[in-house]
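Coordinate analysis (summary)
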Amino acid sequence: MSKEGNMPRILLAGANSGCGKTSITCGILKALTDRGIQIQSYKCGPDYIDPMLHSHITGRSCRNLDPFFSTEEDLRYLMAKDSEPADFSVVEGVMGYYDGIGVTCEKSTCSVSVATETPTVLIINVKGMSHTMIPLIKGLLEYRVNPVKGVILNRCSKGLYQLMKPEIEKELGIKVVGYFPNNEDIHIGSRHLGLMTAAEISNLDEVIALLGEIAGECIDLKLLMDIGKEADPLPKVEIPKVPEKKKARIAVAWDKAFCFYYAENLDILQQMGAELVYFSPVNDKELPENIGGIYFGGGYPETYRKELSENLSMKESIRKAVAEGKPVLAECGGFMYTCENLIETDGSSLPMLGLIPTDVRMTKRLSMEFGYVSMETSKDTAFFEKGMKIPVHEFHYSKADQRGDACRMQKHSGKTWQGVYVEGNVMAGYPHLYFHNCQEVAARFVEMAGK
């Protein structure tokens, strides 16, 4: 299947983190979806939680567009591939529009909007200002060549919006697409890794409905879509097919403890011949039948460590599968589950799987080994050859006593460390992989699972 066309689309970017991007994006997604428009959403950067919210609203898997993981050509390909069946695409930025690696503009949300030629609307938190918002917006517009076409004024009263809209449009020549009022009834819970996952928010549908109502009243949705229709065509691409004949059956851990997966990763496993079956390490008693491998994504195992530790039959089922030679791929939270003991900040300890010879300790602060990382494989293993260079991401409030020596990590700052265990048929470590840029690892995992 292929398609060539305009694929109307917009990117919603912020002047800074915390400016209201996610709330406004969710409101717009809800308002458009309620009007019968089929939306394909995207999230810039290595985010898992915002995509869950998007997917909950649209009913379609949100995709990640990450310029650290992907070349400009790949970004265009990924957007064209996934936008093909949709009526309209919406991209949510990450951090501030120009915030990239370290303190640079490199690999920022701006990089995505430029690479994909996606018309961009800036979200500006204007609480406490009036005319000052004009030079602020002007600076963002003029700092780099970009496809910014409009702005949304967040935490803005209707009266101020009506006064400032003509002033901004006259001074800057861009469209003021709407505003969002300050509303204390809107609150999406948070924790140390960011927002709570969609499954953990008890009143999520109520909050999303309210956001959609506000967007419908305060955002000019027709203008927003008209801006999106001005987008240049994306390239014609071939949509990868999933083979009918399966090579392997892979169990994917999916529950409140493990839910951080890139949709692209799951797609690539299927395109390589894997049949994916989902299970809950928290609630199920044992692994699904006739599986050949196990994939543990990231998540919040520390929040459910008691349930994970006390689910003895599941732990035994996993250990038996590993003893039989079935491959395990575990990332971040999954890595924590494969370790011997998970130790809280108060010193209390609970036993985990014990597949990897180290304990993991929760920390009160974000690990300094975090963010975008260039990973180089240090030796030949069943999962990869020595000398591969793979862009990955780390983000964790925990520290392993021993991190493994299968790979060498290097940050943009030059800081380096060793990481990742490969113990026979088990690969486990803090880095999150993006299979589109390391398809050999995914292919080897599927092949091992099919033996």
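Further up the page is the structure itself.
None of these values were measured; they are calculated from a predicted model.

1. Concerning the overall build of the protein
- Of regular secondary structure, the protein possesses 13 helices and 27 strands.
- Considered along the principal axes of its C-alpha atoms, the protein spans approximately 70 × 50 × 45 Å.
- Within the protein, the proportion of its 451 residues that are buried is 57%.
- Within the protein, counting contacts between residues at least 6 apart in sequence, those at least 24 apart form 74% of the total.
- When the accessible surface of the protein is summed, it comes to about 18700 Å², and 48% of that surface belongs to carbon and sulfur atoms.
- A distance of 2 Å separates the average location of the 50 positive side-chain charges in the protein from that of its 59 negative side-chain charges.

2. Here we look at the nonpolar core
- Counting 84 residues, the largest nonpolar core has Leu 32, Ile 152, Leu 153 and Ile 168 as the members making the most contacts within it.
- Examining the composition of this core, we find that seven residues originate from one element, helix H7 (residues 204-218), more than from any other.
- With residues near it in sequence (within four places) discarded, Ile 168 still touches Met 133, Ile 134, Ile 137, Leu 153, Gly 173, Ile 174 and Val 176.

3. Observations regarding the packing of aromatic side chains
- Following the criterion strictly, the structure yields 24 aromatic pairs and no others.
- Considering the side-chain rings of Phe 258 and Tyr 337, the 5.4 Å spacing of their centres and the 45° angle between planes classify their relative orientation as tilted. Linking Phe 258 in strand S13 (residues 258-260) with Tyr 337 in helix H12 (residues 333-338), this pair joins segments that are 79 residues apart in sequence.
- Taking relative accessible area as the criterion, Tyr 337 reaches 0% and is therefore assigned buried.
- An aromatic cluster is built from Tyr 48, Phe 68, Phe 69, Phe 260, Tyr 262, Tyr 300, Tyr 372 and Tyr 434, whose rings are joined through pairwise contacts.

4. Quick notes on the sheet that holds strand S6 (residues 120-125)
- Strand order in this open sheet of seven strands is S4-S3-S5-S2-S6-S7-S8, and the pairing throughout is parallel. A single partner strand is all that each edge strand has here, and the edge strands are strand S4 (63-65) and strand S8 (175-180). For this sheet the average axis-to-axis angle between neighbouring strands, irrespective of direction, equals 25°.
- In this structure, strand S2 (residues 9-14) lies alongside strand S5 (residues 88-96), joined through five bridges in parallel fashion. Following the sheet pairing, Arg 9 is matched in S5 by Ser 89.
- Those strands touched by helix H1 (residues 21-34) are S2, strand S3 (39-44), S5, S6, strand S7 (148-154) and S8, and its axis lies near 175° from that of S5.

5. As for the side chain of Glu 394
- Tracing the backbone through its elements, the reader meets Glu 394 in strand S22 (residues 389-394).
- In this structure the side chain of Glu 394 is engaged in a polar contact, spanning 2.7 Å, whose partner is the side chain of Arg 403.

The rules we used
- Residues numbered from 1 in each chain as written.
- Predicted model: local features only at pLDDT ≥ 70, side-chain atom pairs only at ≥ 80, totals over all residues.
- Heavy atoms only, no water.
- Helix = DSSP H or I, 4+ residues; strand = E, 2+ residues; numbered from the N terminus.
- Buried < 20%, exposed > 50% of the residue type's maximum accessible area, 1.4 Å probe, protein only.
- Contact = heavy atoms within 4.5 Å.
- Areas by Shrake-Rupley, 256 points an atom, 1.4 Å probe, with all protein chains shown as cover.
- Lys, Arg positive; Asp, Glu negative; His and termini not counted.
- Charge placed at Lys NZ, Arg CZ, Asp CG, Glu CD.
- Core = buried A, V, L, I, M, F, W, Y, C linked by side-chain atoms within 4.5 Å.
- Phe/Tyr/Trp six-rings, centres within 6.5 Å; stacked < 30°, edge-to-face > 60°.
- Pairing = 2+ DSSP bridges.
- Axes fitted to C-alpha atoms, helices over the stretch in contact; angles between N-to-C directions.
- Polar contact = N/O pair within 3.5 Å; in protein donor to acceptor, adjacent residues only side chain to side chain.

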